[in-house]
Amino acid sequence: MSVFLGMEKKKQPKAEWNRDALYWNLPKGKKVIADSIYSGCPEKVMIKREGHPEWVTEYLDRIQNRQETYHERLANFNILSSKFRHGKSSEEKMQLHRMSVDCVAFLVHHDLRHHPLMDV
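Residues numbered from 1 in each chain as written. Predicted model: local features only at pLDDT ≥ 70, side-chain atom pairs only at ≥ 80, totals over all residues. Heavy atoms only, no water.

Along the chain, the regular secondary structure elements total three helices and two strands. Secondary structure elements of the chain, listed N to C terminal, follow the sequence α-β-β-α-α. Among the 120 residues that make up the chain, the fraction classed as buried is 21%. Accessible area for the chain stands at about 9,500 Å²; split by element, carbon and sulfur atoms hold 54% of it. (Helix = DSSP H or I, 4+ residues; strand = E, 2+ residues; numbered from the N terminus. Buried < 20%, exposed > 50% of the residue type's maximum accessible area, 1.4 Å probe, protein only. Areas by Shrake-Rupley, 256 points an atom, 1.4 Å probe, with all protein chains shown as cover.)

Okay, here's the thing in structure tokens:
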């Protein structure tokens, strides 16, 4: 929840959400496609709902499958599941870890440009 909404814990008042989160930076009129956990944000999030035409449900499924494939490729680098041991201070460790995550995201993005996933 913290990446999209900027919440540290559930039921945190909106006034306390991190303003750097994606929720606050989406252009007006744009939405993201997400799981049903975000159903409380209809102004910013589109989720699968009963009553959608079959073609809409299939389209949303394909988009979510692409997202999962992208996240799996990120996870394959194993940078989020093991302890990061570089840097001397906590701030330096966080900065170096962020750089590592950015590098992995760049590599995955580069690979996807040259070996794209299925069309949506």
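Right, picking up where we left off after that structure.
Among the secondary structure elements, Q64 is positioned in helix α2 (residues 54-75). Looking at Q64, its side chain comes within polar contact range of the side chain of D35, at 3.1 Å. Residue contacts for Q64: discarding those within four places in its chain leaves I33, A34, D35 and K48. (Polar contact = N/O pair within 3.5 Å; in protein donor to acceptor, adjacent residues only side chain to side chain. Contact = heavy atoms within 4.5 Å.)

This paragraph deals with the packing of aromatic side chains. Tallying each qualifying case throughout the model produces one aromatic pair. Ring geometry for Y23 against W24: centres 4.9 Å apart, planes inclined by 80°, an arrangement best described as edge-to-face. The exposure class of Y23 is buried, given its relative accessible area of 4%. Taking relative accessible area as the criterion, W24 reaches 29% and is therefore assigned partly exposed. The cationic tip of R19 hangs over the ring face of W24; the distance from NZ or CZ to the ring centre is 3.8 Å. Of note, K44 hangs over the ring of Y23, and the distance from its end group to the ring centre comes to 5.5 Å. (Phe/Tyr/Trp six-rings, centres within 6.5 Å; stacked < 30°, edge-to-face > 60°. Lys NZ or Arg CZ within 6 Å of the ring centre and 35° of its normal.)

Another point: the pattern of salt bridges. Across all of its chains, the model carries three salt bridges by this definition. Here R73 and D111 are joined by a salt bridge, their closest N and O atoms 3.2 Å apart. Here D111 lies in helix α3 (residues 90-114) and R73 lies in helix α2, a separation of 38 residues in the sequence. The exposure class of R73 is partly exposed, given its relative accessible area of 23%. Note that D102 and R98 form a salt bridge whose closest N and O atoms lie 3.1 Å from each other. Of the two residues, D102 and R98 are both situated in helix α3; the distance of four residues between them amounts to about one turn of the helix. Residue class for R98 comes out exposed when judged on its relative accessible area of 56%. (Salt bridge = Lys/Arg side-chain N within 4 Å of Asp/Glu carboxyl O.)

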